[in-house]
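# Topology and contacts: notes
Letter by letter, the chains look like this.
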Amino acid sequence: MTSSNKSAVDIAHVYRGTFVHSTDHTAVEILEDRLLGVDTEGKKRTLRNGTTTACYFATIHTDASLLLGQIANDFGQRALVGKVCMDTNNFVPHYRETPDESHDETNRFISEMLKKKYPLVMPVVTPRFALSCSTALLGHLGEIAKNNHLHIQSHISETKEEVKLVKELFPDYDSYTDVYHKHNLLTDKTVMAHGCHLTDEELKLFREKGASVAHCANSNISLCSGMLDARRVLNHKVKLGLGTDVAGGYSPSMLDAVRRTLDTSKALTIQDPQYQTLTFEEVFRLATLGGSQALSLDEHTGNFQVGKDFDALRVNTAIAGGPIDLINHGEGPKVLLEKFLNLGDDRNIAEVYVAGKRVVPFVETT
């Protein structure tokens, strides 16, 4: 067993103030008047809205996907970038690949991105969803992810019609989840968007494999897809984070994702008064630590525990002309956090830090 000597680390910056984060045991932990040291190792709109880590579905086009990775790196955002894979698309026939094209271009995408050695940007294997991929392609992608130890992202159980069609097209599989599972695409580095209509048995399989769900509440409401029962997902001990799913959803802001998640939980309570509505503290954890756990990045980010990267927002709730009214200037940090989550926007985000580096405000280059 090795031990680390943190006293030997060079401290590049020291920040003093009130820090708010989540831990496994506390949904909202407030660290008042603390000093936080950051060592030397320590896409524009999403960054401006405070998203320090993003998981991007790009396009089927390899070079454009590589460019997205470069842009994320140039702006200093932590990102998983996926070249979308799909060889079945009868609605837009020109927007699809053959299985061999998708296999070869995915390998090229991964190889070229890894050669860049970006410090915070990584490739992610991205079958668009089961309905847009043949079993041959799904099998290829599962092998690629396994051989390269990569993350995987896709969509699952967004609408009831989609679930029904998957059952018709994949009759030899036990469930929608089983389609991914049997092709080695359900792992502890898998994040699936939506999951509105997952069964208890499917959630058990998610738990067993360590896979996660991205709750995209804005998109689900906007497209009338369904309402994810986040409480049920959490009760199954499945990793759960929040997603924006632009342009299925209409906002790139994680603050909007927080609000729509709360709205969905309240709507479920209207349907069933016995339902246990999510608290704002719980949703704050889903937007922070929950997101890092969903992406299997919680060893590196997600809160302010010693040894993790300094990913943070500096929030000014009293910004001139801002959306928050401060009636009582003696309000504590937790009240201010709740006001920011419910009322705040990018005007309140004074600075954004990723891995100890200030990335917002942007530095214009000439």
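Summarised in this report is the structure supplied together with it.

### Considering the sheet that holds strand β11 (residues 312-315)
Across the sheet, which stays open at both edges, the three strands sit in the order β11-β12-β13 with antiparallel pairing between neighbours. In this open sheet, the two strands that pair with only one neighbour each are β11 and β13 (357-360). The average undirected angle you get between the axes of adjacent strands in this sheet is 30°. Sheet analysis places strand β12 (residues 349-354) next to β13, joined by three bridges and oriented antiparallel. Opposite V354, over in β13, you have K357 as the bridge partner.

### Digging into helix α2 (residues 62-75)
Here α2 is 14 residues long and its end C-alpha atoms lie 20 Å apart, about the 20 Å a rise of 1.5 Å per residue gives. Of the surrounding elements, those touching the buried residues of α2 are β3 (53-57), β4 (78-82), α3 (99-116) and β6 (121-127). Where α2 terminates, the next one or two residues include G76, which has phi positive at roughly 85°.

### Let's talk about the pairing of strand β7 (residues 151-156)
Most of β7 is tucked away: six of the six residues are buried. Neither face of β7 is exposed, since H151, Q153 and H155 on one face and I152, S154 and I156 on the opposite face are all buried. Across two bridges, β6 lies against β7 in parallel orientation. Pairing of V125 across the sheet is with I152, part of β7. Bridging between β7 and strand β8 (residues 190-194) involves five bridges; their strand directions are parallel. In the strand pairing of β8, I156 is matched with H194.

### Points about empty space enclosed by the protein
Each pocket or cavity is described by its volume, and for the largest cavity that value is around 30 Å³. Surrounding the largest cavity, H215, L228, A230, R231, T261, T264, S265, L268, Y275 and L278 form its lining. Per element, the largest residue contribution to the lining of the largest cavity is four residues, and it comes from helix α10 (residues 254-271). For the lining of the largest cavity, the per-class residue count stands at five nonpolar, four polar and one charged.

### Quick word on the nonpolar core
Counting residues in hydrophobic clusters, the biggest one holds 70 residues, and the most contacted among them are V81, V125, Y180, F206 and L341. Setting aside residues up to four positions removed in sequence, Y180 forms contacts with F129, A130, S154, H155, I156, L185, L186 and M192.

### Things to note about the packing of aromatic side chains
In this structure the tally under the stated criterion is six aromatic pairs. Taking 5.8 Å as the distance between ring centres and 15° as the angle between the ring planes, the aromatic pair formed by Y176 and Y180 counts as stacked. Of this pair, Y176 and Y180 both sit in helix α6 (residues 176-182), four residues apart, which is roughly one turn of the helix. By relative accessible area, Y180 is classed as buried at 0%. Measuring from centroid to centroid gives 5.5 Å for F310 and Y353, while their planes differ by 55°, and the two rings are tilted. One end of the pair, F310, is in the loop between α12 (289-294) and β11; the other, Y353, is in strand β12, and 43 residues separate them in sequence. The buried category is assigned to F310, whose relative accessible area is 7%. Under the relative-accessibility criterion, Y353 is labelled buried at 10%. Grouping aromatic residues by their ring pairs yields a cluster made of F19, F304, F310 and Y353.

What counts, and where the lines are drawn
- Numbering of residues starts from 1 in every chain and runs along the sequence as written.
- Per-residue local features of the predicted model are confined to residues with pLDDT of at least 70, and side-chain atom pairs are confined, for both listing and counting, to 80 or more; whole-chain, interface and lining totals are unaffected and use all residues.
- With hydrogens and water stripped out, all remaining heavy atoms of the structure feed into the side-chain values.
- Any two strands with at least two DSSP bridges between them are considered paired.
- Starting at the N terminus, helices and strands are each numbered in turn, a helix being any DSSP run of H or I of at least four residues and a strand any DSSP run of E of at least two.
- Simply put, an axis is a line fit to the C-alpha atoms, just over the touching stretch for a helix, and the angle between two N-to-C directions goes from 0 to 180 degrees.
- Under the convention used throughout, the expected extent of a helix is 1.5 Å for every residue step, that is, one less than its residue count.
- For this analysis, residues touch if any pair of their heavy atoms sits within 4.5 Å.
- Note on exposure labels: buried denotes an accessible area under 20% of the residue type's maximum, exposed denotes more than 50%, and partly exposed covers the range between, all computed with a 1.4 Å probe on protein chains only.
- Here a cavity denotes grid points, spaced 1 Å and computed from the protein atoms alone, that fit a 1.4 Å probe unable to get out, and a pocket denotes an open set having protein on both sides within 12 Å along at least 5 of 7 lines; residues with an atom within 4 Å of a point are the lining.
- Grid points are joined across faces, edges and corners, and a volume is the space filled by probe spheres set on the points.
- Lys, Arg, Asp and Glu make up the charged group, whereas Ala, Val, Leu, Ile, Met, Phe, Trp, Tyr, Cys and Pro make up the nonpolar group; the residues left over, Gly among them, are polar.
- Nine residue types can take part in a nonpolar core, namely buried Ala, Val, Leu, Ile, Met, Phe, Trp, Tyr and Cys, and a core is a set of them joined through side-chain atoms within 4.5 Å.
- A pair of Phe, Tyr and Trp rings is counted when the ring centres sit within 6.5 Å of each other, with Trp represented by its six-membered ring. The angle between the planes then sorts it: under 30 degrees is stacked, over 60 is edge-to-face, the rest tilted.

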